[in-house]
Amino acid sequence: MLEARLAEAAILKRLLDSIKELVTDANFECNEEGINLQAMDNSHVALVSVKLSASGFKKYRCDRPLPLGVNLGSFTKVLKCAKDDDVCIIKAADDADILSLTYEARNSDRIAEYEMKLMDIDADTLNIPDTDYDARVSMPSAEFTRIVRDLSQLGESVRIEVSKEGVRFISDGEAANGNILLRQTDDDAPPEGVTIEMNQHVNLTFSLKYLVNFAKSSTLSNVVQLMLSNDVPLLVSYDFNQGHIRYYLAPKIGDE
Amino acid sequence: MIHRWNSYTSTEGILYALGADIICFQEMKSSRATLPRDVALPGPYHGFFSFPVNKGGYSGVAVYADSRKATPLRAEEGLTGVLQPKPPMSPEERVSMSYPLAHDFDPFPDDNGETDSGFDALDSEGRTLVVDFGLFVLINVYCPAETSDARLPFKMNFHLLLQERIRKLIEKEHREVIVVGDINIAATPLDHAEGNLPSSIATFWDHPAREWFRNWLDPNGPMVDVIRMFWPERKGLYTCWNMKLQARETNYGARIDYVLVTKGLLPWIKHGDIQASLKGSDHCPIYIDLHDELLLENGETIKLRDAMKQNEVTQPPRLCAKFWDEFSGKQTVLSTFFGKREEMPSQTPSASPVLVTTIPSSKSITRSFSSSRINDQRTSGQSAKRKPSDKGLSSGSNKKNKVDPGQAKLASFFSKPSSNKSTSKESSSKNESKNAWSNLFTPLRPPKCTVHGEPAKLYTVNKQGPNKGKKFYICSRPVGPGYDKGKGERLREEVNYEYRCNFFKWASEVRREALQQSGASRD
């Protein structure tokens with residue numbers, strides 16, 4: 001069985017908000033190390049990978065690996081019933097067909113219990129190879145959100161160029177174009193500043209609508225890491241106390 | 001005839017099993033963003049789609065053409081030419097030189113007598129695909145249903161727009177046209193289960209849509225209803241049934257789906273029929289079959305392939321889903337970078353059987369045809385997928401049955417404390433309350449309907465409103481022509497008592513009566 005006690009429901013609420021637009025159903029794979037989720041969007045262009053490590057919970061127990069197939073829309077609804085600072089307890093039996101959630105209010109005796117139906121999901125799991133990325137960029141997550149939101153007004157895709165100069169985001173729209181250059185900040189380290197590590201010049205194009213989606217995770221962490229290599233999917237990673245959320249996005253080709 | 005077409009696990013398999021070279025779907029109930037790859041690019045079929053401009057999940061039409069048999073020369077969305085891909089189509093890419101203009105026809109007035117119902121709006125709901133196959137222009141259409149009186153002007157204007165578009169194709173461009181799809185009108189009384197009831201026949205043509213349709217159809221208009229042409233007298237040639245009434249069992253339906261052709265195409269048409277036995281939707285498929293070659297009057301033979309200018313086509317038009325950015329190869333997919341994991345070796349075997357029991361890729365079909373109107377498909381897909389939760393569902397509803405049998409009044413337990421009762425022993429009163437409780441929880445015996453004296457059937461109100469969730473009983477017989485809809489909606493002389501009668505009773509009322517009875521028997 002699974003029993004996990006999370007100090008604040010907010011973390012789950014935010015996590016769901018950052019994946020529910022991308023995938024509709026997904027398996028939460030629970031094992032003794034924690035809870036993992038890997039899911040691809042319909043068009044097989046983006047993948048989201050979530051890890052909540054056991055140590056991030058106030059209490060965590062999972063006797064044997066347990067896949068919890070969840071409709072993310074329903075899960076979001078159930079989580080909406082929790083206040084951000086509620087203690088959230090997740091429980092499922094071994095051959096569970098329901099997931100039970102309990103919210104304990106912080107400053108009162110209110111205890112709310114919810115049950116949600118689980119489903120069998122036969123999702124393709126992908127093996128993500130370890131990659132040495134040619135470029136790693138860390139920046140404030142709010143900055144990233146703004147960049148992709150601004151550029152998504154102009155065009156459908158963004159070209160990300162990492163060079164000695166810095167990292168440049170370029171969008172060519174039908175009616176307008178724009179580009180944003182971020183230089184490495186010398187005195188400020190993240191979360192306020194930008195750091196760029198680069199072995200090789202990188203130039204890749206991605207669909208903006210996915211990046212706009214990814215940027216929703218800025219509620220989870222105030223730093224985002226972009227990792228790029230030519231001809232390899234982009235990795236957008238947000239680390240937070242309990243774990244991480246990572247997005248992989250396949251590049252577009254021949255769009256120049 | 002048993003078709004196992006809905007047991008196919010891929011869209012390609014389904015299309016193949018349907019056995020046609022060009023397949024048109026209406027009510028895709030999907031959107032471009034949620035269209036799975038498998039549905040957009042099913043093997044050798046070229047897919048063309050039109051979805052509502054604003055985020056939908058309703059309407060939507062699709063045309064699939066088997067690339068081995070027929071590839072269209074041109075294809076476009078909508079009737080007005082307003083819907084354009086990016087960049088807009090060049091004149092060569094367009095099916096027509098000219099499109100209907102707002103002032104070309106007299107729009108149908110709305111309630112206030114105003115006629116400006118928004119010309120562009122007519123094309124914004126993903127209802128039409130116009131595909132040029134050389135020999136003919138195929139128009140796949142999902143005409144609006146008259147869901148409320150307020151929609152009537154929209155419905156009528158859509159028909160008028162369709163008619164005008166086709167008039168231009170015929171008169172200005174000298175094209176032959178095939179219209180395929182859900183017209184949402186019963187053409188004649190013969191096409192409606194209730195059409196031949198005296199009260200219905202008298203007013204059948206009063207509806208403006210029916211009148212319009214009659215005038216558009218041969219002999220009054222240019223379009224020939226070919227399937228009726230092959231079956232002129234056949235009764236019960238219905239294509240759509242009300243699923244809520246289980247009307248398909250008794251073939252209590254209507255024919256609202258048509259294949260309409262211009263007269264020049266008639267020599268090509270070999271046969272046409274409906275496939276009423278093909279389940280999976282509230283409509284059934286309809287089809288026509290064309291001759292592979294035709295002997296012309298001058299003694300020459302012309303092949304269908306050549307008439308459809310198949311030698312001139314090298315690749316499908318730009319509207320084809322395979323050219324969409326997300327599928328065109330411009331956007332790479334993750335599986336080319338990351339290998340598929342065979343099975344998770346790190347997992348203990350106890351977890352993997354759960355994954356294996358699900359039907360391979362049932363997920364993708366579920367999506368595909370929950371989108372179109374193939375409902376059986378959807379439910380079968382879901383039951384495979386939802387196995388464990390179905391259990392949860394039923395147990396949940398059982399529980400609900402127990403605790404929610406209609407609120408009983410306290411009075412039914414405590415009533416009638418006849419004066420001598422006060423002397424009765426405590427234990428017996430305990431027993432009594434136990435009985436009362438167990439009575440409360442025993443399943444209700446369904447009441448018998450008044451006309452047939454047969455056990456009635458339990459339903460639950462799903463409609464929004466104060467009664468939502470309440471249970472009620474109605475006659476368990478199937479519906480059919482003349483079934484009793486109630487005095488207000490059915491003339492007494494036209495009631496056919498073979499079918500469902502007018503019996504109705506709230507379950508709460510049934511329970512109350514049952515309790516009163518048991519109370520009475522106790523006394």
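Cut-offs used in this document
- Residues numbered from 1 in each chain as written.
- Chains lettered and ligands numbered in written order.
- Predicted model: local features only at pLDDT ≥ 70, side-chain atom pairs only at ≥ 80, totals over all residues.
- Heavy atoms only, no water.
- Helix = DSSP H or I, 4+ residues; strand = E, 2+ residues; numbered from the N terminus.
- Contact = heavy atoms within 4.5 Å.
- Buried < 20%, exposed > 50% of the residue type's maximum accessible area, 1.4 Å probe, protein only.
- Areas by Shrake-Rupley, 256 points an atom, 1.4 Å probe, with all protein chains shown as cover.
- Expected span 1.5 Å × (residues − 1).
- Patch = residues over 30% accessible without salt bridge, like charges linked within 9 Å, V, L, I, M, F, W, Y side chains within 5 Å.
- Salt bridge = Lys/Arg side-chain N within 4 Å of Asp/Glu carboxyl O.
- Lys, Arg positive; Asp, Glu negative; His and termini not counted.
- Charge placed at Lys NZ, Arg CZ, Asp CG, Glu CD.
- Core = buried A, V, L, I, M, F, W, Y, C linked by side-chain atoms within 4.5 Å.
- Domains from an automatic or database assignment.
- UniProt positions renumbered as here; feature names shortened; annotations may be inferred.
- Polar contact = N/O pair within 3.5 Å; in protein donor to acceptor, adjacent residues only side chain to side chain.
- Pairing = 2+ DSSP bridges.
- Axes fitted to C-alpha atoms, helices over the stretch in contact; angles between N-to-C directions.
- Parallel < 35°, antiparallel > 145°, perpendicular 65-115°, else oblique.
- Left-handed = near helix turned anticlockwise from the far one by under 90°.
- Phe/Tyr/Trp six-rings, centres within 6.5 Å; stacked < 30°, edge-to-face > 60°.
- Lys NZ or Arg CZ within 6 Å of the ring centre and 35° of its normal.

## Re the overall build of chain B
Along the backbone of chain B there are 14 helices and 19 strands. Across chain B, the fraction of contacts at a sequence separation of at least 24, relative to all contacts at a separation of at least 6, is 68%.

## Focus on the overall build of chain A
Helices and strands together make up the secondary structure of chain A, namely four helices and 19 strands. For chain A, the proportion of its 256 residues judged to be buried stands at 55%. Surface summary for chain A: the accessible area is close to 11,400 Å², and the carbon and sulfur share equals 41%.

## Topic: helix 3 (residues 152-172) of chain B
All names here are of chain B. A rise of 1.5 Å per residue sets the reference length of helix 3, with its 21 residues, at 30 Å; its end C-alpha atoms lie 29 Å apart and thus fit the reference within 8%. Buried residues dominate helix 3, accounting for 16 of its 21 residues. Looking at the residues trailing helix 3, positive phi occurs at His174, about 55°.

## Some words on a negative patch on the surface
Residues and elements named next belong to chain B. On the surface, Asp110, Asp111, Glu114, Glu146 and Asp149 cluster together into a patch of negative charge. Tracing the chain through its elements places Glu114 in the loop between strand 4 (74-77) and strand 5 (128-132). A residue is classified by how much of its surface remains accessible, and Glu114, at 51% relative accessible area, is exposed.

## Concerning the nonpolar core
The biggest cluster of nonpolar side chains holds 89 residues, and the ones touching the most others in it are Phe144(A), Phe169(A) and Leu211(A). Composition of this core by domain shows at least three residues from each of domain 1 (2-117) and domain 2 (135-249) of chain A. Leave out the neighbours within four places in its chain, and Phe144(A) touches Met139(A), Phe169(A), Leu211(A), Ala215(A), Val224(A), Leu226(A), Val236(A) and Tyr238(A). Formed by 44 residues, the second largest nonpolar core is a distinct cluster that contains Phe48(B), Val224(B), Trp268(B) and Val479(B).

## What to know about unusual backbone geometry
Residue and element names in this part refer to chain B. For the peptide bond that leads from Lys86 to Pro87, omega is -15°, which places it in the cis range. Along the chain, Pro87 falls in the loop between strand 4 and strand 5. A cis amide bond links Asp218 to the next residue, Pro219, at an omega of 10°. By the secondary structure assignment, Pro219 is in the loop between helix 5 (208-216) and strand 8 (223-225).

## Points about the UniProt feature "site: Important for catalytic activity" (unreviewed entry) in chain B
All names here are of chain B. With numbering matched to this structure, UniProt assigns "site: Important for catalytic activity" (unreviewed entry) to Asp257 and His283. Considering the C-alpha atoms alone, the annotated residues occupy 27 residues of sequence yet fold into one spot, their largest mutual distance being 8.2 Å. Residue position: Asp257 is located in strand 11 (residues 257-262). We classify Asp257 as buried; its relative accessible area is 5%. Reaching out from Asp257, the side chain makes a polar contact with the side chain of Thr239 at a distance of 2.6 Å. Within the secondary structure, His283 is located in the loop between strand 12 (269-274) and strand 13 (286-290). Overall, the relative accessible area of 7% leaves His283 in the buried class.

## Looking at the pairing of strand 4 (residues 46-53) of chain A
Residue and element names in this part refer to chain A. Most of strand 4 sits out of view: seven of its eight residues are buried. Direction of pairing for strand 3 (residues 34-40) relative to strand 4: antiparallel, over a ladder of seven bridges. Bridge pairing in strand 4 places Gln38 opposite Ser49. Following strand 3, the chain reverses through five residues before pairing antiparallel with strand 4; His44 in that reversal takes a positive phi of roughly 60°. Two strands pair when backbone bridges link them, and strand 4 and strand 19 (residues 243-249) are joined in this way by seven bridges, in the antiparallel orientation. Along strand 19, the bridge assignment pairs Val48 with Tyr247.

## Digging into the pattern of salt bridges
When the charged atoms of two side chains lie near each other, side chains of opposite charge can form a pair. All names here are of chain B. Evaluated as defined, the whole model comprises 33 salt bridges over all chains. Note that Glu125 and Arg127 form a salt bridge whose closest N and O atoms lie 2.8 Å from each other. Judged on exposure class, the residue Glu125 and its partner Arg127 are both buried. Each member of the salt-bridge network shares a partner with another, and the members are Asp191, Asp225, Arg228 and Arg255.

## Structural notes on the packing of helix 1 (residues 10-19) of chain A against helix 2 (residues 72-80) of chain A
When two helices pack together, their arrangement is given by the angle between the helix axes and the distance between those axes. All names here are of chain A. Their axes nearest at 10 Å, the elements helix 1 and helix 2 cross at an angle of 150°. As summarised for this structure, helix 1 and helix 2 are arranged roughly antiparallel, according to the angle between their axes. Between helix 1 and helix 2 lies a crossing whose hand is left-handed. Every residue of helix 2 that contacts helix 1 at Leu12, Lys13, Leu16, Asp17 and Ile19 is listed here: Leu72, Phe75, Thr76, Leu79 and Lys80.

## Things to note about the sheet that holds strand 7 (residues 87-92) of chain A
Picture the strands of a sheet paired through backbone hydrogen bonds; they go either parallel or antiparallel. All names here are of chain A. Overall, antiparallel pairing links the five strands, which are arranged 5-1-7-8-9 in an open sheet. Strands with a single pairing partner mark the edges of an open sheet, and in this sheet they are strand 5 (59-62) and strand 9 (111-117). This sheet shows a mean twist of 15° between the axes of neighbouring strands, independent of strand direction. Sheet topology note: the strand 1 (residues 2-6)/strand 5 ladder contains four bridges and is antiparallel.

## Quick notes on the packing of aromatic side chains
All names here are of chain B. With the rule as written, the count across this model stands at 21 aromatic pairs over all chains. Their ring planes at 20° and their centres at 6.0 Å tell us that Tyr459 and Phe472 sit as a pair that is stacked. Of the two residues, Tyr459 sits in strand 17 (residues 457-460) while Phe472 sits in strand 18 (residues 471-474), which places them 13 residues apart along the sequence. Given the relative accessible area of 14%, Phe472 is considered buried. A network of ring pairs unites the aromatic residues Phe25, Phe49, Phe51, Tyr64, Trp324 and Phe327 as a single cluster. Its end group placed over the ring of Trp231, Arg234 keeps NZ or CZ at 4.4 Å from the ring centre.

## Some details on the sheet that holds strand 3 (residues 61-66) of chain B
All names here are of chain B. Spatial strand order, 1-3-2: three strands in an open sheet with antiparallel pairing. For this open sheet the edge positions go to strand 1 (22-26) and strand 2 (45-50), each flanked by a neighbour on one side alone. Adjacent strand axes in the sheet meet at a mean angle of 15° when their direction is disregarded. Note that strand 1 and strand 3 share five bridges and pair antiparallel. Following the sheet pairing, Gln26 is matched in strand 3 by Val61. The strands that helix 1 (residues 11-18) touches are strand 1, strand 2 and strand 3; relative to strand 1, the one it contacts most, it runs at about 110°.

## A word on the environment of Asp85(A)
All names here are of chain A. By secondary structure assignment, the location of Asp85 is in the loop between helix 2 and strand 7. Residue classification places Asp85 among the partly exposed residues on the basis of a relative accessible area of 27%. Residues Asp85 and Ile11, 74 residues apart in the sequence, show an inter-C-alpha distance of 9.4 Å. Excluding its chain neighbours within four sequence positions, the residues that come into contact with Asp85 are Ala7, Glu8 and Arg106.

## Quick look at the side chain of Asp134(A)
Residues and elements named next belong to chain A. The residue Asp134 is located in the loop between strand 10 (126-127) and strand 11 (135-140) in this model. Salt bridges are absent for the buried Asp134, whose nearest opposite-charge side chain, Arg136, sits at 9.0 Å. When neighbours within four sequence positions are excluded, Asp134 is seen to be in contact with Glu197, Met198, Asn199, Gln200, Val202, Leu228, Ser229 and Asn230.

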